[in-house]
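The residues making up each chain are set out below.
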Amino acid sequence: MHSSTDTQNTSLDFSSLNLPVELLENLSSLGYEQMTPIQAQSLPPMLAGKDVIAQGKTGSGKTAAFGLAMLEKLQVKRFRIQSMVLCPTRELADQVAKEIRKLARTIHNIKVLTLCGGTPFGPQIGSLEHGAHIIVGTPGRIEEHVIKGTLKLEHLNLLVLDEADRMLEMGFEAALDNIIERTPVDRQTLLFSATFPKQIKVISESIMTDPIVAKVSASEDKTSINQHFFHVADDNERFEATRLLLMANPVESTVIFCNTKKETQAVCQGLHNDGFSVLALHGDLEQRDRDQTLLRFANKSVAVLVATDVAARGLDIDSLDVVINYHIAHDSEVHIHRIGRTGRAGSTGKALSIFSDKESYKVGLLEDELEQTIKAELLPTSEVLAKPRLQAKMSTIQIDGGKKQKVRPGDILGALTAKGTGDINGADVGKINVLDIKAYVAVNKKVLKLALKKLSTGKMKGRTFKVRHLTV
Ligand code: AMP
């Protein structure tokens, strides 16, 4: 293996890369002024056609790194499956597909298809029959397609394993083997991972050819996260500390990580009883409820999300302001992954970790891992509790119609901003998500009543739909 150090002193301008002009122009229109460290390290060898192992945590700009390499290599006129990205979760696959489409928006007719579990198989076969250039999906479902022969990979020349460590943790190794076996051996392979357990090394040796390692040193990593640690005596104090920290750090989006499902529910319930805008995310939820919770947190109609590590996999929200660790994570890698959800490309994040004497040894391990001394800080005083509890700015309205009913985001926005009884400004309308048979729109709380009225009486696609406000 070689290390990609030769790029260290070179320019961070995208224009220093040999990228097609339409891709470069699009990058500046997206506001990507300069390469992030992982992009500067990995893009030159990737564009040279080499296999690359890259340390890519969420927020580092890793998706754009492999996305650009992919688009540069793609021959649009050959309507064949040429590239594939394997991701651990459906949420991550959706985000990766979204970012690739964003990067490709100046190139006509690029077809990106997502293939994930938890969605019906049949329609995916139909989409595959229509063809695609790029596949993004989760290993289980893609394995099913390759075994059934509905997905043929004989023209694949670029394979990306995204968040490879998570995929292994989730037990996808056999599925990955089955898929990779059916791809051409002369393909280019890129592996992105936040951490590098032994298993990754073993896998990379078996599926990659002479890979270049692109690693970003801590000092180069501009995604800075301010970490603060707080000591508590027991679990009662732990809950109290959480309330104090939430109130002393009033931001739009906070995730609280718990080590168990039971604790997630208890903390959520406690905060809910105290008047916070909060939801829990854990493995016992139905996929539908899980999707709805993620969607409501992402569209800012819930201020606090209490989650287990497993449930939060793939959670990728641009502006996650604060992460609170209710307990220190069981191991340092999980801790680093948790706090990596704040401090996205270029911005500063905040991670607040609570620990008791019982967890001191974990703090010691973290000190080794982070190469820094950890000192507990004083908790905020209870004066912060005099203020009203954290509330979300937006509210979510559910509409009983989606893609199947041909509802599009523009129809919803149109119905909301239509002139008539009272006006709603476009600025008061937030994220719109149209799913198969339902759609969700976030509106500013100030206009909630009016928005409900307009959506329930106004017509979309020539008919009215049932709507309801999702309360926390
Ligand atoms: P990722 O690590 O791929 O999840 O990317 C994190 C965020 O950074 C995404 O919202 C990207 O759109 C954004 N991003 C990626 N590359 C750049 C760049 N060079 N400059 C600014 N933002 C970027």
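Since the structure is predicted, the reported quantities are computational estimates derived from the model, not experimental observations.

Q: Any chance you could explain the overall build of the protein here in plain terms?
A: The helix and strand inventory of the protein stands at 17 helices and 19 strands. Expected size for 472 residues packed as a compact globule is a radius of gyration near 23 Å; at 23 Å, the protein falls within 12% of this value. Judged by the C-alpha coordinates and their principal axes, the protein covers about 65 × 65 × 40 Å. For the protein, the proportion of its 472 residues judged to be buried stands at 53%.

Q: It is not clear to me how the layout of surface pockets should be interpreted in this structure. Could you clarify?
A: The probe, sized like a water molecule, is rolled over the atoms to show the empty space still left. By volume, the second largest pocket amounts to about 280 Å³. Those elements that provide at least two residues to the lining of the second largest pocket are helix H4 (90-103), helix H6 (139-148), helix H12 (287-298) and helix H13 (309-312). Tallied by class, residues from the lining of the second largest pocket come to 5 nonpolar, 7 polar and 5 charged. Counting only domains with at least three residues in the lining of the second largest pocket, you end up with domain 1 (2-216) and domain 2 (222-386).

Q: I tried to follow empty space enclosed by the protein on my own but got confused; where do I start?
A: Applying the stated criterion across every chain, the model contains 3 cavities of 30 Å³ or more. Taken as a whole, the second largest cavity encloses approximately 40 Å³ of empty space. Residue lining of the second largest cavity: Leu161, Ala164, Met167, Leu168, Leu176, Leu191, Ile200 and Ile203, and that is the complete set. Those elements that provide at least two residues to the lining of the second largest cavity are helix H7 (164-169) and helix H9 (198-207). Take the lining of the second largest cavity: its biggest share by element is 3 residues, from H7. Split into classes, the residues belonging to the lining of the second largest cavity amount to 8 nonpolar, no polar and no charged.

Q: Help me understand the nonpolar core, please; the structure alone is not making it clear to me.
A: Buried together is how nonpolar side chains tend to be arranged in soluble globular proteins. Counting residues in hydrophobic clusters, the biggest one holds 42 residues, and the most contacted among them are Met46, Val85, Ile100, Ile134 and Val136. For this core, the leading source of residues is helix H3 (residues 62-73), giving 7 residues. Discounting chain neighbours no more than four positions away, the residues touching Ile134 are Met70, Leu71, Leu74, Ser83, Ile100, Ile110, Lys111, Val112 and Leu113. With 30 residues, the next largest nonpolar core counts Ile81, Ile135, Met167 and Ala175 among its residues.

Q: In this structure, what is going on with the domain arrangement of the protein? I would like to understand it.
A: Note: interface size is frequently given as the accessible area lost on complex formation between the parts. You can read the domains of the protein as domain 1 (2-216), domain 2 (222-386) and domain 3 (394-470). Each of domain 1 and domain 3 has a C-alpha centre, and the two are 35 Å apart.

Q: Can you walk me through the sheet that holds strand S12 (residues 304-308) in this structure?
A: Adjacent strands of a sheet form backbone hydrogen bonds with each other and so pair up, either parallel or antiparallel. Ordered in space as S11-S12-S10-S13-S14-S9-S15, the 7 strands form an open sheet in which the pairing is parallel. With partners counted over all chains shown, the strands left at the sheet margins are strand S11 (278-281) and strand S15 (376-377), one partner each. Lying over the sheet, helix H10 (residues 235-248) contacts strand S9 (225-231), strand S10 (254-258), S12, strand S13 (322-325) and strand S14 (349-355), oriented at roughly 160° with respect to S14.

Q: Got a minute to help me understand the packing of helix H2 (residues 37-47) against H3 in this structure?
A: Describing two packed helices takes the angle between their axes plus the distance from one axis to the other. With their axes 9 Å apart at the nearest point, H2 and H3 run at an angle of 20° to one another. Classified by the angle their axes make, H2 and H3 are roughly parallel. Classified by chirality, the crossing of H3 by H2 is right-handed. Mapping the contact onto sequence places Ile38, Gln39, Ser42, Leu43, Met46 and Leu47 in H2 and Lys62, Ala64, Ala65, Phe66, Leu68, Ala69 and Glu72 in H3.

Q: Help me out: how do you make sense of the sheet that holds strand S19 (residues 467-470) in this one?
A: With respect to topology, 4 strands assemble into an open sheet ordered S17-S18-S16-S19, the strand pairing being antiparallel. A strand with exactly one partner marks an edge of an open sheet, and here the two such strands are strand S17 (429-434) and S19. Strand-to-strand twist in this sheet, taken as the mean axis angle between neighbours without regard to direction, amounts to 25°. In terms of strand pairing, S17 meets strand S18 (residues 439-444) through 4 bridges, oriented antiparallel. Across the sheet, Val434 pairs through a bridge with Ala439, a residue of S18. The strands touched by helix H16 (residues 409-417) are strand S16 (394-399), S17 and S18; relative to S17, the strand with the most contacts, the crossing angle is about 140°.

Q: Looking at this model, I keep getting lost on the pattern of salt bridges. Mind explaining?
A: Once the charged atoms of two side chains with opposite charge are near each other, the side chains can pair. Counted according to the given criterion, the structure contains 23 salt bridges. One salt bridge connects Glu252 with Lys300, and the closest N-O pair in it is separated by 3.7 Å. In this pair, Glu252 sits in the loop between H10 and S10 while Lys300 sits in the loop between H12 and S12, placing the two residues 48 residues apart along the sequence. Among the ionic contacts, a cluster of salt bridges with common partners joins Glu240, Arg243, Asp274 and Arg389.

Q: I would appreciate a short explanation of helix H1 (residues 21-29) in the present structure.
A: Turn by turn, an α-helix covers 3.6 residues, leaving residues three or four places apart pointing in a common direction. Those residues of H1 that sit buried are Leu23, Asn26 and Leu27. One face of H1 carries all of its buried residues, which in axial projection span an arc of 105°. H1 presents Val21 and Glu25 as exposed residues on the side facing more than 90 degrees away from its buried surface. Next to the buried residues of H1 lie H3 and H4. Backbone geometry just downstream of H1 places Gly31 in the positive-phi region, at approximately 85°.

Thresholds applied
- Residues numbered from 1 in each chain as written.
- Predicted model: local features only at pLDDT ≥ 70, side-chain atom pairs only at ≥ 80, totals over all residues.
- Heavy atoms only, no water.
- Helix = DSSP H or I, 4+ residues; strand = E, 2+ residues; numbered from the N terminus.
- Rg over C-alpha atoms; globule rule 2.2 N^0.38 Å.
- Buried < 20%, exposed > 50% of the residue type's maximum accessible area, 1.4 Å probe, protein only.
- 1 Å grid on protein atoms, 1.4 Å probe; cavity = no way out; pocket = protein on both sides within 12 Å on 5 of 7 lines; lining within 4 Å.
- Points joined across faces, edges and corners; volume = space filled by probe spheres on them.
- Nonpolar A, V, L, I, M, F, W, Y, C, P; charged D, E, K, R; others polar.
- Domains from an automatic or database assignment.
- Core = buried A, V, L, I, M, F, W, Y, C linked by side-chain atoms within 4.5 Å.
- Contact = heavy atoms within 4.5 Å.
- Pairing = 2+ DSSP bridges.
- Axes fitted to C-alpha atoms, helices over the stretch in contact; angles between N-to-C directions.
- Parallel < 35°, antiparallel > 145°, perpendicular 65-115°, else oblique.
- Left-handed = near helix turned anticlockwise from the far one by under 90°.
- Salt bridge = Lys/Arg side-chain N within 4 Å of Asp/Glu carboxyl O.
- Arc of directions from axis to C-beta.

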